[in-house]
Amino acid sequence: MTLLRSLIYTTAVLLAAFACTRQEGPLPEKGVSFALNQYRRQHIDSVRYEIELDIPAGKTAKISGKETISFHLDALDSALVLDFNADADHLLEVHVGGEKVPYRFVNEHIVIEAKYLNKGKNEVGIDFIAGDQSLNRSDDYLYTLFVPDRASTCFPLFDQPNLKATYQLTLKMPEGWEAVSNGKLDTKTAGKGKRMYRFGETKPISSYLFAFAAGKFFKETRVLDGREMTMYYRETDTSKVSRNRDEVFQLHAKSLAWLEKYTAISYPFGKFDFVLLPSFQYGGMEHPGAIFYNEPSLFLDENASVNRRMARASVIAHESAHMWFGDLVTMDWFNDVWLKEVFANFMAAKIVHPSFPEINHELRFLLAHYPNAYEVDRTAGTNPILQQLGNLKNAGTLYGAIIYMKAPIVMRQLERKIGERMMQESLREYLKKYAFGNARWDDLIGIIDKRTPQDIATWSNVWVKTPGMPEYAVEAGKLVQVKDASGRIWEQPLVLKTLQNGRFVFPDHDGTGYGYFKMDTASKACFFEHYGNAETSDPVFKGAMLVNIWEGLLRGDGPAPEKLLNYTLNVLPKEQNPLLVDYLLGNLQSNWWVFLNAGQRAAHQQRIEQVLWRLLNNTEDKGIQTSYFRAFKALALTDDGWQKMHGLWTGKLEVKGLVLSEEDKISLAYELALKGKDGGKAILGEQLKATKNPDRKARMQFVIPALSTSEAERDAFFESLKKEENREKEAWVLDALAYLHHPLRAQSALKYLRPSLDLLQEIQLTGDIFFPTRWLHNTFAGHSSREAAGIAETFLEEHPAYPYFLKNKILQATDLLDRSVKLSGTYAQKEHSPALSQQ
């Protein structure tokens, strides 16, 4: 062929290719924009997916896939856009109606011209290589996690919550593997070293709720109240499994029965299974028919505290509630993601009450929600409950304490405004009207507004659609809202309690109000001096005042950190309520590491160890004893404290009633290595050898370099985290970050702060929804220096156009750091504390 003929031929081929793939309309942007979401929602319905995946042995081998997407299309005025966030070479062939067709692959989308489609029913077939990003692959198991927009990282689809679809899945996998998905298992065959599981078609669900897990799992099936349930798990400690499994099944059965009664709707999805995963990123994920859980959250240690037992009951109730609130009725767009979470939390609080009659549930609600909500709402990076969202690729940044903690408080306010009966009736109407569909917060408000003369919309505009928390002061014996910069009136009931003819004033004494309630110095001192006396014995009152006082410390209103340490160590021996003990110990540790300087800690190191060790040995309640053990382990630093920890780790020292699990032994080894002058490497090696569970052993192997006494080795480990493949096990990464940035090593870890911030946008795109927040928290939580605060401040100054959502996450994560720097001067000026009494 001559050069001229060759050029003519090449040009003709290129023109033909261009003609087959020329652009119709503007290119879709990355992610799913709100505009694309709206267009597809308007013109596409009746979506069905048939998906087949061939999973090979070994986590690096490619997973091949085939799928058929059936749907009804009512307009041909635009090209069809499917979502597939994978490399171009993962997309093999596209067929429409059985015929191979050209397509464009651009900005994580497959674009098919309208001329190849029909008005009415269409079938698109796609051969592909599955993307790994959301498959969470280990050597002998994997599981999906597609929330909020990650299904498209695995296979092509319409990845938006308001295009609900049915799914029929077939999995081919290595012999000896089990599998579970949303649908019921229809057929199971084996041959040529492979197993093939074909699952039945699901009910209509949103794409983020489709799920499967496959691998080497143990499983157990029970029938409770006529409903069959199968539990899949990885735990190898048979005594731990046998100790927990009955309660795990019972808690699910109780939750489902309660929800069926409350909603007047039977469980909507037929099959009900759940999977326990060792390093699962969340407490749980509400896939209908196949709930996924973090395994240690359900398989508890022998001495689990009441807080941990209630946390287990709550996460099970939470995920069960999602079957109705989130799965049956789903938000239309992810800006309303809070709606499913608030109802799951709200219902969970109601569900767990009958299972724990010995617990003060008002106190539990207070301590479980208010401190965590304030932790974000007091910051410059706070956000409203209902946020704006322009593209689903940013949906993960909407998650946080405002959704999970503030929203249930606001929902409880609403229920008290309109009454429990009206709330239940409104929710029943809401679920019935939008069953297997989608709805918005304003849809529910519309239902409630029809039933009550109250102005719920105005109340909602302040509490749901604006950020922040109100502040209150006591004036002339009454609580008065401090003027809000935007003129908002935070409508809520306000109460206060007085003692000694009004001399001492305790605002929000019932713990139901939301905001910062300023207390005077004398009343704070009175509270601690008379802690537990007849007038201050009510647990809710104590909890509310402790929350108020902690908020006061953070705002510079006192008590000073050193004085609060003294107060806390004095009242801990008087407290027998496990919820209050845990809250006091949590604040004690935050105060110790964040607000006390090194000199102050050294002055009180011996005393704090003596108090905690004495309480650990003298406490009869096994759950409280475990809490004291964990606090002692976190704070012990003297040679005597190190020797005590070493004795517990080797078994040569015993504390009556204290039973240490394999996880406890591992964490002790970590603390010994961190705080010991030498021998840490040998201790970690011995613990690694003694660890029997393969998942815990692999996690240890990952974390150990972060504990190295060699700064160069720690530097190399941090550098490894810059590669996405080394961040796949997010729970492992977070463990390691906590030790890299431990307060004892904060100075040497300063150099990691700026690179960690530089990685944040990549973390958001490649990690799961909570990972950016947790990455930042575990990076900054160990720091309290002016240098660390300056690094974050400089980063934001140098990036004035930094993404709004991520900027807020940085401001939230560095709030305590900033306050520790600012307040060190404030409290030094206000008071110079004398030496603490050695009580």
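A quick note: this is a predicted structure, and the numbers were derived from the prediction, not measured. (Residues numbered from 1 in each chain as written. Predicted model: local features only at pLDDT ≥ 70, side-chain atom pairs only at ≥ 80, totals over all residues. Heavy atoms only, no water.)

### Overview of unusual backbone geometry
- The linkage connecting V147 with the following residue, P148, adopts the cis geometry, with an omega of -5°.
- Positive phi, close to 55°, is recorded for K192, a residue that is not glycine.
- As for its placement among the helices and strands, K192 is situated in the loop between β12 (185-191) and β13 (194-199).
- Despite not being glycine, Q500 shows a phi value in the positive range, around 50°. (Helix = DSSP H or I, 4+ residues; strand = E, 2+ residues; numbered from the N terminus.)

### Quick notes on the side chain of E295
- Within the secondary structure, E295 sits in helix α4 (residues 295-298).
- No salt bridge is formed by the buried E295, whose closest oppositely charged neighbour, R696, lies at an N-O distance of 5.8 Å.
- Residues contacting E295, with those up to four places away along its chain left out, are Y233, R234, E235, L276, L277 and P278. (Buried < 20%, exposed > 50% of the residue type's maximum accessible area, 1.4 Å probe, protein only. Lys, Arg positive; Asp, Glu negative; His and termini not counted. Salt bridge = Lys/Arg side-chain N within 4 Å of Asp/Glu carboxyl O. Contact = heavy atoms within 4.5 Å.)

### Structural notes on the sheet that holds strand β9 (residues 141-143)
- Spatially, the 3 strands line up as an open sheet ordered β9-β14-β11, and their pairing is antiparallel. Looking at the sheet topology across the chains shown, the edges are occupied by β9 and β11 (178-181). If you compare each strand with its neighbour and ignore which way they point, the axes differ by 5° on average.
- Pairing between β11 and strand β14 (residues 212-215): 4 bridges, direction antiparallel. By the bridge assignment, A179 is partnered in β14 with A214. (Pairing = 2+ DSSP bridges. Axes fitted to C-alpha atoms, helices over the stretch in contact; angles between N-to-C directions.)

### Some remarks on helix α22 (residues 711-720)
- Listed as buried for α22 are R714, F717 and F718. With its buried residues spanning 100° around the axis, α22 presents them on a single face.
- Contact partners of the buried residues in α22: α21 (694-703), α23 (730-740) and α24 (746-758). (Arc of directions from axis to C-beta.)

### Regarding the sheet that holds strand β23 (residues 478-481)
- Here 3 strands make up an open sheet; going across it, the order is β23-β22-β26 and the pairing mixed. If you trace the sheet from one side to the other, it starts and ends with β23 and β26 (516-517), each paired once.

### So, the packing of aromatic side chains
- For the structure shown, the criterion picks out 56 aromatic pairs.
- For the pair Y49 and F155, a centre-to-centre distance of 6.4 Å together with 75° between the ring planes defines the contact as edge-to-face. Here the residue Y49 occupies a position in strand β1 (residues 44-54), and F155 occupies one in the loop between β9 and β10 (165-174), the gap between them amounting to 106 residues.
- Aromatic pair Y472 and F517: ring centres 5.0 Å apart, planes at 10°, arrangement stacked. (Phe/Tyr/Trp six-rings, centres within 6.5 Å; stacked < 30°, edge-to-face > 60°.)

### A few points about the packing of helix α3 (residues 238-263) against helix α6 (residues 337-352)
- Viewed as axis vectors pointing N to C, α3 and α6 meet at an angle of 110°, and their least axial separation amounts to 10 Å. Taken together, the axis directions place α3 and α6 in an arrangement best described as roughly perpendicular. For the pair α3 and α6, the sense of crossing is right-handed. Contacts between α3 and α6 involve S255, W258, L259 and Y262 on the former and, on the latter, M347, K350 and I351. (Parallel < 35°, antiparallel > 145°, perpendicular 65-115°, else oblique. Left-handed = near helix turned anticlockwise from the far one by under 90°.)

### Concerning the pairing of strand β24 (residues 496-499)
- One ladder, built from 4 bridges, connects β24 with strand β25 (residues 504-507); its direction is antiparallel. Looking at β25, one finds that L496 is bridged to P507.
- Hairpin remark: β24 followed by β25, antiparallel, with 4 residues in the connecting loop; positive phi at Q500, about 50°.

### Brief notes about the side chain of E609
- Following the sequence through the fold, E609 ends up in helix α16 (residues 598-618).
- Sequence-distant contacts of E609, defined by excluding residues within four places in its chain, comprise F632, L635, A636, L637, T638 and G641.

### Looking at the confidence of the model for the protein
- The predicted model of the protein averages 94 in pLDDT, with 96% of residues at 70 or higher.
- Taken as a whole, residues 833-839 scores under 50 in pLDDT and shows 11 contacts with residues more than four places along the chain or in a different chain. (pLDDT = per-residue confidence, 0-100.)

### Observations concerning the pattern of salt bridges
- Taken as a whole, this structure holds 55 salt bridges when the rule is applied.
- We note a salt bridge from D273 to K271, for which the minimum N-O separation is 3.2 Å. Both residues of the pair, D273 and K271, belong to the buried class.
- A salt bridge links K751 to D715, with the nearest nitrogen and oxygen atoms 3.4 Å apart. Of the two residues, K751 is situated in helix α24 and D715 in helix α22; the sequence distance between them amounts to 36 residues.
- Taking the relative accessible area as the measure of exposure, K751 reaches 39% and is therefore partly exposed.
- Counted as one network, the salt bridges with shared partners bring together E235, K240, D301, R630, E662, E663, D664 and R696.

### Focus on the environment of A789
- Mapped onto the elements, A789 comes out in helix α27 (residues 786-798).
- Through-space distance from the C-alpha of A789 to that of I63 is 45 Å; in sequence the pair is 726 residues apart.
- Leaving out residues up to four positions away in the same chain, A789 has contacts with L817, D818 and V821.

### Digging into the packing of helix α19 (residues 662-675) against helix α20 (residues 680-690)
- Here α19 crosses α20 at 165°, and the two axes come no closer than 8 Å. Relative to α20, α19 is oriented roughly antiparallel. Two packed elements cross with a definite hand, and for α19 against α20 that hand is left-handed. Contacts between α19 and α20 involve E662, K665, I666, A669, Y670, L672 and A673 from the former and G680, I683, L684, Q687 and A690 from the latter.
- Residues belonging to the contact of α19 with α20 are distributed by class as follows: 8 nonpolar, 2 polar and 2 charged. (Nonpolar A, V, L, I, M, F, W, Y, C, P; charged D, E, K, R; others polar.)

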